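An overview of the molecular structure
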Amino acid sequence: MAKVHIPFMQTGALAVGGRLLDEDERSVQAWQDRPSTLTRGHRACQGCAEALAARWVLDTAMEVTGGKLMVANATGCLEVFSTLYPESAWRVPWIHSLFANAASVATGIAATNHAKGRDDIRVIAQGGDGGTADIGMACLSGMFERNDDVLYVCYDNQAYMNTGVQRSGATPPAARTSTTPAVGLSPGNTFGQGKFVPKIAMAHEIPYVATATVADLRDLEAKVRTAMKHRGARYLHILVTCPLGWGTKTAASIKMARLATQCGLFPVFEAEYGDITGVTPIRSRVPVEDYLRPQRRFAHLFGPRGDEAALERIRGQAERNIRQYHLLEEGVLA
Amino acid sequence: MLELLEGSKAVARAVALTRPDVVCAYPISPQTHIVEALSVMVRDGHLKDCDYINVESEFAAMSVSIGASAAGGRVYTATASQGLLYMAEAIYNASGLKLPIVMTVANRALGAPINIWNDQSDSLSQRDSGWLQLFAVDNQEAIDLHVIAYKIAEQISLPVMVCMDGFVLTHASDVVELPTQEQVDAFLPPLAPLEKLSLKNPRSMGMMAGPDVFTETKYLAHQAMIQAHTVIARAAADFAAAVGRESWRPVRVWGPDLEDRPARQGEIAVIGMGSVMGTTQAAAARLWEQGVKTRLITLGSYRPFPARTVREAIGTADRVVVLDRALMLGVGGVLSADVRRSMARLGIPMHSVVAGLGGRSITERSLAKTLRQAKVGELGELEFMDLKQDLVTMSDAAVPVRAPARGAARPGAAAAPAGAPGAEGPDDAAASAPGAPAAAADDAMPTKPAQTGGPALTASAGSLGTATADEKATSADGAAPAAGDRAAPTASDRREG
Amino acid sequence: MFQVVIHGRGGQGVVTASELLARSGFAAGRQVQAIPSFGSERMGAPVVAYTRFADSKILTREPILAPDAVIVQDPTLLRTMNVFDGLVPGGRAVVNTRESPNEIRAACPDAPAESGRLATVPADDIVREYLGRPIPSAALLGAFAALTGQITLEALAQSIQKVFKGKVAQGNINSANVAYQWVLDHLGQEDQGAPGGIEHVDVERPATSELPIPIAGVPEVTNA
């Protein structure tokens, strides 16, 4: 396992994974010799939640597997900002092949390892929402239905940020992107379109599906641990704030992810073999406006020429999530 | 031990002898029998320690192969035609990543119109992909080549396509001999990849390369491909020695006189790849007695292209006839473009004979006719073997019909069957007349007149029999600029040469 | 080189017949090649397959354009296509039908005209009786053996046992035997068909040991 000495730049329980907690309750991030899979020096934007999530996911997986981990990465921000020849920020066996095929490449890695009797080596595939929900959907679905021993992690920032914030199949309704501009009669992304990949994953009845956000990193870490306990195809969908694409303050990435969950627009849950087994309830509900207003991609919904009808539809969506996933009922499973 | 085996089953057994770690494929005719046979061998335990993966597309097949190869496994897959195109992005990726994957291409035409039969358009469309492309003449060569291909691929760390004519070889049963497991094990050591995903030495593979290094990576890949010639030759010789018999060779020169020498004055050099060369050999033996003397240059290696060997084999032949199983629309044969480049300074006339597209049988009779025409100087520079003149002839009288004449066919209109020797008419007119190719005007070549007497021709083959006259005129218009680019082959020669 | 074209319909075992034929030649130490016609044939569509025998390596890959012999597995093809197209002068043909050779000639002008070169065999009746499946291939190959002498019954039986197992193999071998004998009994009787099918004869003989019917019994027909 590639471990490096991490000079902690901050102190405090939340900043470095709970160093004030008991030893066994601490996050991997609390170790000064943690397996730093994604090291400093990469080229991610300030406030990039994808980089944060990727490091937590892979560091946790490295710890769980004792360093026996291989990673296939789809084309996208994560790949571009982490590797530009001759430099790489990865401290894990890592391969980037194409945009659409991370799931298949991971399947191949797992196949060779299995053929060589090395089932102890685990495989993670990762990509953005475009490489997952859109162009990579066929490979992903194939990996799911074959139940290949791969954990696929989608870092969902809700648009093609790498190429300049174009709309993806995961872009929320009304959001302004460079291909769904805030002009015309129905500005922003079209209502009634888009897909929520966790549900598609659940339809494959794979061993484990979970959603998470960068607002609750301990939850994310726990879900990676659960995922790695299972064999077969697993899917982890993480909402990651993109200050560039969302038009938010770089310091607000964690807060934005939290607001997404607390307004009901992003349900946090886990499922096994197609059935939901756990839901993270909303602790302190906020109106959807609290989440939308700070984001420039939704700016056209507000102000004197705002779009109350669109806001009403978004509220309806939050209501529906809350009902469907029982987000306000403590201890109730769907 | 000699056995009577279907080509596909024989190849599957040859692949099994190489002890692959991972086999994955998506079904497409005419590749299916190979992967079916391998799936049985994995399931019944005949092929041990091998993961067989049924994928959801050819794109996934190549992608799984990439992952499996990157993890250090010996990987096999197979495809054809549309499947090869569907995986095209991953094909370039595999060679760029220098992964020693071996893939059978059961050569098949590309649509539309959809056609499941044999020609070589599919793999030749990937000629610049950085993969080696090695062709088998018969099923014995196909067997041998799969073992040889792994040796080559793993020595130079580049992927190899083993190309065998779909149906003609894959579905034919022939008397063949498989090497023994001991022979293959002695010839092909376990894979020791130059680079792989490794826990001990974690590296990043497939990183982005900027303008500062990209040219250099391509230069090195180019050099690797050139160096492959030596590795290929050695691997072929080593394999023949290992099995103690004749085997596949990157270039084979044969004449009915059985003398081991290049072509010489009074002879025609015939160049081709794949099963057509077997039929040509049968035809050549008879032609020899009739005074049509040929020397057959069978290319086992298409990429890298053995230009020097081909040039030497052409020697001082009177003329060169290339049997083209794939066509660059508006330009001419794909293989002949490579041959033309390799013989640029020889000053020997070259004829491209486009033959056997989409499964059209290449008969000894037609080959003999073609070679006799070449002998007496009546073969055009670009010919379509056994072209059905009546099918490419317009039946609709609404489209202008022009008498064969020098010059002025209406641009874009279905052209007159002009192409009289030395025709000075617009290029599009000459180009759309079979037998009177665009390239004809490039050299002082005797060009066979097109078959005259029929009405005008249409360039709209894709809509044969259904297009209205207007549609035909439109598609002819559309084709005109490309067809008119008659300098294309020579220009590209200069650029690339 | 001796070249055989087999016509039939998808599902009738045409490709298997071509392979059995090649196997039988291969067993006798000859060079052989079997090529199915390639296509997206579905059940019932016309299918053609080719088999070549030679004494030296077979180089050519062209389809057989001038067969020395033609085997017609499905009589309904006779009225829809010219199955005898390209047959060499003096070439021979086996047709699965109850009709007599002359009845076939009346419908198909290209059928071999010379006496003793066109064998009609009620192969459907034979396999119904001895195999229990509507796959007339083996019976027709038995007839082919009798008509041409290109393969022996023993080699055919061996090939059948390589491709099929148990009862199916035995049924096919029995069918081949009966058809073989049928040709020996009827060849040259140009007006005799089998309008009422066949009568059952007991051929439940053990495998191949008692089978050999001397090839010398084949009527001498030379390619003039």
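Residues numbered from 1 in each chain as written. Chains lettered and ligands numbered in written order. Predicted model: local features only at pLDDT ≥ 70, side-chain atom pairs only at ≥ 80, totals over all residues. Heavy atoms only, no water.

Considering the overall build of chain A
Of regular secondary structure, chain A possesses 11 helices and 10 strands. For chain A, with 334 residues in total, the buried portion stands at 58%. The contacts in chain A between residues at least 6 apart in sequence include a share of 70% that link residues at least 24 apart. Here chain A displays about 13400 Å² of accessible surface, and carbon together with sulfur accounts for 51% of that area. One way to put it: in chain A the 36 positive side-chain charges average out to a point 5 Å from where the 33 negative ones average out. (Helix = DSSP H or I, 4+ residues; strand = E, 2+ residues; numbered from the N terminus. Buried < 20%, exposed > 50% of the residue type's maximum accessible area, 1.4 Å probe, protein only. Contact = heavy atoms within 4.5 Å. Areas by Shrake-Rupley, 256 points an atom, 1.4 Å probe, with all protein chains shown as cover. Lys, Arg positive; Asp, Glu negative; His and termini not counted. Charge placed at Lys NZ, Arg CZ, Asp CG, Glu CD.)

Considering the domain arrangement of chain B
Residues and elements named next belong to chain B. Looking at chain B, the domain boundaries give domain 1 (2–193 + 210–243), domain 2 (250–385) and domain 3 (387–497). Relative to domain 2, the C-alpha centre of domain 1 lies at a distance of 26 Å. Each partner contributes residues to the interface: domain 1 has 27 residues there, and domain 2 has 26 residues. Contact between domain 1 and domain 2 buries roughly 1900 Å² in total, counting both sides, with carbon and sulfur atoms accounting for 60%. Its largest share of buried area at the contact with domain 2, domain 1 owes to L124, R127 and V137, together 29% of the area lost on that side. Along the contact surface separating domain 1 from domain 2 lie two salt bridges. Here R325 makes a salt bridge to D165, at a shortest N to O gap of 4.0 Å. Taken together, domain 1 and domain 2 are joined by 13 residue pairs in polar contact (both at pLDDT 80 or more). (Domains from an automatic or database assignment. Buried area = accessible area lost by both parts, 1.4 Å probe. Salt bridge = Lys/Arg side-chain N within 4 Å of Asp/Glu carboxyl O. Polar contact = N/O pair within 3.5 Å; in protein donor to acceptor, adjacent residues only side chain to side chain.)

What about the interface of chain A and chain B?
Listed as interface residues are 40 residues of chain A and, on the opposing side, 37 residues of chain B. For the pair chain A and chain B, the summed buried surface comes to about 2900 Å²; carbon and sulfur atoms form 66% of the total. On inspection of chain A and its partner chain B, the count reaches two salt bridges. One salt bridge connects D21 of chain B with K116 of chain A, and the closest N-O pair in it is separated by 3.6 Å. If you look at where chain A meets chain B, you find 13 residue pairs in polar contact (both at pLDDT 80 or more). Counting residues per element, the ones that place at least two in the side of chain A that touches chain B are β1 (69–73), α2 (77–82), β2 (83–84), β3 (87–88), β4 (94–96), α3 (102–115) and α5 (137–146) of chain A. Looking at which element gives the most residues to the side of chain A that touches chain B, the answer is α3 of chain A, with 10 residues. Along the lines of polarity and charge, the residues of the side of chain A that touches chain B split into 20 nonpolar, 13 polar and seven charged. One ladder, built from two bridges, connects β4 of chain A with strand β9 (residues 204–205) of chain B; its direction is parallel. Each residue of the ladder has a partner; that of W94 of chain A, found in β9 of chain B, is S204 of chain B. (Nonpolar A, V, L, I, M, F, W, Y, C, P; charged D, E, K, R; others polar. Pairing = 2+ DSSP bridges.)

Considering the interface of chain B and chain C
Across the contact, 25 residues belong to chain B and 20 residues belong to chain C. For the chain B face of the interface with chain C, the top three residues by lost area are L4, S173 and V175 of chain B, together amounting to 28%. Taken together, chain B and chain C are joined by two salt bridges. Across the pair R61 of chain C and D174 of chain B runs a salt bridge, and its minimum N-O distance is 3.1 Å. At the junction of chain B and chain C, the tally comes to seven residue pairs in polar contact (both at pLDDT 80 or more). Looking at the side of chain B that touches chain C, the elements that each hand over two or more residues are β1 (2–6), β8 (173–177), α10 (276–289) and α13 (364–375) of chain B. In terms of residue count, α10 of chain B provides more of the side of chain B that touches chain C than any other element does, four residues in total.

Describing the pairing of strand β9 (residues 269–272) of chain A
Residue and element names in this part refer to chain A. Burial along β9 is one-sided: the face carrying F269 and A271 is buried and the face carrying E270 and E272 is not. Direction of pairing for strand β7 (residues 208–213) relative to β9: antiparallel, over a ladder of two bridges. Residue pairing across strands places A210 opposite E270, the latter belonging to β9. In sequence, β9 turns back onto strand β10 (residues 275–279) through a hairpin of two residues, with Y273 there showing a positive phi of about 50°.

Description of the side chain of T60 of chain C
Structurally, the position occupied by T60 of chain C is in the loop between β3 (46–54) and β4 (69–72). Taking relative accessible area as the criterion, T60 of chain C reaches 2% and is therefore assigned buried. At 3.5 Å, the side chain of T60 of chain C forms a polar contact with the backbone nitrogen of E62 of chain C. Beyond its immediate chain neighbours, meaning those up to four positions away, T60 of chain C contacts G278, T279, A282 and E364 of chain B together with M1, Q33 and R52 of chain C.

Some remarks on the pattern of salt bridges
As enumerated under the stated definition, the model contains 48 salt bridges over all chains in all. Here K223 of chain A and D219 of chain A are joined by a salt bridge, their closest N and O atoms 3.0 Å apart. Highlighted residues: K223 of chain A and D219 of chain A, both in helix α7 (residues 217–229), separated by four residues, approximately one helical turn. Residues K223 of chain A and D219 of chain A agree in their burial class; the two are buried. A salt bridge links E246 of chain B to R252 of chain B; the shortest N-O distance between them is 2.7 Å. For E246 of chain B, a relative accessible area of 52% puts it in the exposed group. One salt-bridge network, in which partners are shared between bridges, spans D257, E259, R261, R264, E267 and R295 of chain B.

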